[in-house]
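Next come the chains, spelled out residue by residue.
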Amino acid sequence: MAALAALLPCLAMAAPAALAHPSGARPPNRAQALARAQVGLALTKVTPKTLGENSKIEISGAAKNRTEGQLAGLTLRLRYSAQPVTSRIQLDQIAKGQPSSLPNVGPQQPLAQAAAPGAKQNWTFRTGTKQLGLRPPVGTPGVYPVGVEVLNSAQQVVGGITTFLTLMPKQRRFKPVAVGWIVPLIDRMHRTNDQTFIDDRLSKDLAPGGRLRRIVDAAAATGTPLTWAIDPALLDDVQRMASGHYYVRAPGAKKATRKEKSAVAAEWLTALKNAAKGDPYFVLPYGDPDVTALVRRKTTRDIGIAFDQRNTGLVAQILGRAPEAHVAWPAGGAGGPGTLDQLAKYALKDGGAFLMNSSQFQNPANGTQPNAASALQTHLGVKKTLIFDQTMNQIVSDGPRTASGALLGEQRFLAETAVIAGEAPNAQRTVVVAPDRHWNPADGLAKSLLSYTKGASWLREVPLRKIESAAPQQRVFNGYPDPYQRYELGDAHLDHTQAIAERAAAFRAVMTGPIKISYERALLRLESVAWRSSPGRAKRARNQLETELKDDMGKVRVVTTKNKRVLMGGSSGRLPVLIENTLPDQAVAVRLVVTSENAAKLRLGGLNPDEALIELQPGDRAQRWIPAQAAGNGNFKVNLELQIPESRGRTYGSGETITVTVTGYGRIALLITGGGLAVLFVGVGVRALRARRRRKAEAAGDGPTGMGSAGPGEPGDGFPGSGLSGAGIPAAELPGVSGSGPSPEAPPSPGTPAGPAAGPPAPGTSSPPGAPAAAPTGPGAAGPAVPEPPATAGIPEPAADGQAARRGEHRRRDGD
């Protein structure tokens with residue numbers, strides 16, 4: 001009891017479920033109001049569950065001073081009404097009110113131990129039906145409100161709590177209420193792609209004491225017939241965890257964490273198979289997509305994919321049997337004509353019924369009490385409809401996750417159904433209980449409610465199919481309220497998801513052979529109605545999925561250099577393009593398209609169809625050569641794009657852009673340059689050969705050397721510029737010498753190499769004006785000038801041999 005009292009700060013009710021009211025919140029209830037009270041109260045015991053006319057009553061609980069000050073003079077007293085509740089409306093009003101509204105005052109006791117700040121005190125009231133004056137209605141159950149309130153020293157109410165007692169008469173004149181249960185196995189989305197989890201929360205929920213484990217254990221512990229509502233995405237996640245190691249990567253994290261094979265997940269699957277044995281089940285579309293939002297945006301294709309057998313059939317594989325029920329359950333049990341048409345098309349094509357919220361319907365017009373079986377008109381015909389009770393949904397789904405909250409829920413469940421039994425005792429009433437999709441009952445609550453359904457004398461548990469087969473009750477359908485639209489998935493989220501879907505479709509289109517990578521289920525998970533209540537988390541998951549898809553698609557790419565440049569020498573050439581597939585286990589086929597951004601300057605040739613289509617196995621690379629013709633030098637942009645083979649120009653990925661640098665030294669330029677160099681080298685070689693022949697001739701003394709006449713008695717020492725001015729140097733180059741000037745050219749004598757004309761006459765001689773110069777004869781006459789062969793740079797002229805040197809010396813002596 002002390003441990004339960006420690007949970008008193010949690011008395012506030014849980015956040016109301018979406019779509020309960022257009023305002024987005026259910027009306028404030030008693031627990032929410034008292035959560036702000038100075039003294040918090042919690043129930044720990046109410047017995048018996050069903051009172052008789054002479055029953056002893058025990059109500060126990062705990063109190064806690066929630067203030068930071070001293071509360072002296074606290075007292076606790078019982079409040080109740082000796083008159084039974086006559087309607088469900090009255091019951092709801094009392095439940096939302098304060099104990100002080102009850103007319104009768106019962107026993108009172110001090111609460112001195114709770115005076116100090118934060119102090120706690122347990123309390124108990126013991127009384128009986130006769131002491132309180134409780135008398136049941138004739139033949140029907142009686143429901144009586146009872147409350148406990150705390151007074152301060154000024155007799156002001158500073159805390160309180162209200163519950164209900166149900167009293168059964170000895171004589172029963174009513175028909176038990178037929179109750180059919182639907183137990184949801186639906187969860188929030190935990191994966192982006194099929195390999196990576198965004199959290200490891202499922203491990204906690206599947207473990208003993210976790211949310212999903214409590215639901216399965218409660219069903220296994222009772223024999224109450226029920227129908228399971230199963231999202232295939234949940235079982236897909238659990239099976240993935242149970243089949244081997246998996247990875248968890250929180251949105252935004254750089255690295256994923258490896259998790260070992262989950263024994264908890266495997267145990268939960270086994271527990272589910274045992275608990276669900278003999279119970280019918282129906283499957284929701286994979287991921288529980290927001291059908292209403294998709295219909296509003298006219299993007300209904302994914303609805304059909306979510307209902308496809310390849311996505312929903314895994315439930316039958318895990319449980320080992322096909323679904324026995326066909327139920328279409330829109331989010332919150334609310335939907336307009338478009339939503340109902342889509343659900344009827346896929347979920348009810350083989351029969352079955354809608355599961356709708358009672359707030360969407362009016363009560364029968366003839367004043368009869370409402371039942372669960374009805375019908376709805378769709379464009380595909382009239383479809384059976386199961387209407388779950390909204391108030392019962394709140395009683396079962398709401399409440400703090402504490403033992404006190406569970407006890408309050410149990411007492412209210414019994415009281416509500418007892419009032420239903422007494423409203424029309426001669427009519428057969430039917431009620432469908434369908435907790436919220438993400439039902440998180442307090443520990444023990446689910447088991448208790450299922451047990452009371454089977455054990456309470458005013459209730460009778462029935463299979464859902466029996467309620468469905470009852471004659472439909474005519475009830476007016478209110479339609480889908482416009483204010484509910486703000487609870488749907490937003491346009492921004494769905495627009496972004498659609499963009500991811502288009503890229504995923506392009507990725508799928510290039511895959512060949514067995515498909516090993518799929519983003520189909522990942523996209524369905526991203527459209528789940530579960531994201532309605534957590535838009536921030538949805539954005540992070542969406543961004544992570546986009547990054548994962550981009551990384552996978554980037555493994556099929558055009559490989560470029562780091563600087564994305566290609567050098568092409570000359571005006572024509574072939575550009576190399578390399579394509580690779582680094583996907584670990586998936587073959588692909590792409591079409592290569594290369595375009596020049598400046599086709600006038602750089603023209604590219606095309607590939608034939610066989611070359612353009614590139615098929616790559618995992619780890620393969622393929623190279624293609626693109627003919628190119630440039631009209632000038634410069635840098636030119638070239639786009640390298642991969643396209644989907646079976647589409648009309650539909651691109652794959654973002655492609656690459658490279659820069660082709662064209663230079664003027666092409667093949668023709670190289671040929672011209674090479675030819676010029678060859679001519680140069682040949683010319684140098686010829687001149688070198690001529691020089692060699694002259695040197696040999698000098699050595700042999702058999703020809704002109706270019707150093708004067710070869711005749712005997714020739715003056716000079718064999719070197720140009722020595723001796724007389726006519727010895728190889730024109731007079732024009734000797735200033736101050738008379739008769740200098742240009743001399744007429746004379747043809748070379750036969751056998752003598754052509755050269756400049758003979759120099760002027762020696763000094764002391766004269767020639768008539770205009771007479772041609774006489775040919776030199778006799779000793780001392782100058783020979784014809786022969787041009788000196790050019791010297792080879794860096795190579796010294798070879799010296800004459802000894803014999804030639806002696807001949808020169810002999811000629812000089814003769815000349816002297």
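Here the structure is a predicted model, which is why all the values come from computation and not from measurement. (Residues numbered from 1 in each chain as written. Predicted model: local features only at pLDDT ≥ 70, side-chain atom pairs only at ≥ 80, totals over all residues. Heavy atoms only, no water.)

What to know about the sheet that holds strand S28 (residues 621–630)
Taken in spatial order, the 4 strands make up an open sheet running S22-S24-S28-S26, and their pairing is antiparallel. Taken across any chain shown, the strands that pair with only one partner, and hence form the sheet edges, are strand S22 (556–559) and strand S26 (602–604). Taken over all neighbouring pairs, the strand axes of this sheet differ in orientation by 35° on average, direction set aside. Looking at chain direction, S26 and S28 are connected through 3 bridges and run antiparallel. Bridge pairing in S28 places Leu604 opposite Ala628. (Pairing = 2+ DSSP bridges. Helix = DSSP H or I, 4+ residues; strand = E, 2+ residues; numbered from the N terminus. Axes fitted to C-alpha atoms, helices over the stretch in contact; angles between N-to-C directions.)

Digging into the confidence of the model for the chain
Keep in mind that low pLDDT regions are not for reading the predicted coordinates in detail. For the chain, per-residue confidence averages 83 on the pLDDT scale, and 80% of positions sit at 70 or higher. For the chain, the element scoring lowest by mean pLDDT is helix H1 (residues 2–5), at 39; strand S15 (residues 327–328) scores highest, at 98. This model gives residues 1–35 a pLDDT under 50, and the stretch forms 83 contacts once residues within four places in sequence are excluded. The model gives residues 702–816 a pLDDT under 50, and that stretch makes 53 contacts with residues more than four places away or in other chains. (pLDDT = per-residue confidence, 0-100. Contact = heavy atoms within 4.5 Å.)

Regarding the packing of helix H3 (residues 88–96) against helix H15 (residues 403–423)
At a closest axis distance of 10 Å, the pairing of H3 and H15 adopts a crossing angle of 155°. Considered as vectors, H3 and H15 are oriented roughly antiparallel to each other. The handedness of the crossing between H3 and H15 comes out as right-handed. Where H3 abuts H15, its residues Arg88, Leu91, Asp92 and Ala95 lie against Arg412, Ala415, Glu416, Val419, Ile420 and Glu423. Of the residues in the contact of H3 with H15, the class split is 5 nonpolar, no polar and 5 charged. (Parallel < 35°, antiparallel > 145°, perpendicular 65-115°, else oblique. Left-handed = near helix turned anticlockwise from the far one by under 90°. Nonpolar A, V, L, I, M, F, W, Y, C, P; charged D, E, K, R; others polar.)

Comments concerning the nonpolar core
Among the nonpolar cores identified, the biggest contains 139 residues, and Trp181, Leu185, Trp228, Trp268, Phe413 and Phe507 are the most heavily contacted of them. In terms of residues, this core owes the most to one element, H15, which gives 8 residues. (Core = buried A, V, L, I, M, F, W, Y, C linked by side-chain atoms within 4.5 Å. Buried < 20%, exposed > 50% of the residue type's maximum accessible area, 1.4 Å probe, protein only.)

Quick look at the sheet that holds strand S6 (residues 120–128)
Strand order in the open sheet made by the 3 strands is S1-S3-S6, with antiparallel pairing throughout. Each of the sheet's edge strands pairs with one partner strand only, and the pair in question is strand S1 (39–47) and S6. Neighbour to neighbour, the strand axes of the sheet diverge by 20° on average, direction disregarded.

With respect to unusual backbone geometry
The peptide bond linking Thr47 to Pro48 adopts the cis configuration, its omega dihedral lying at -5°. The residue Pro48 is located in the loop between S1 and strand S2 (50–51) in this model. A positive phi angle is found at Asp288, which is not glycine, with a value near 50°. For Asp288, the position within the fold is in the loop between strand S14 (281–283) and helix H9 (291–296). Unlike most non-glycine residues, Lys298 shows phi in positive territory, near 60°. Relative to the elements of secondary structure, Lys298 occurs in the loop between H9 and helix H10 (301–307). Accessibility expressed as a relative area gives 73% for Lys298, which makes it exposed.

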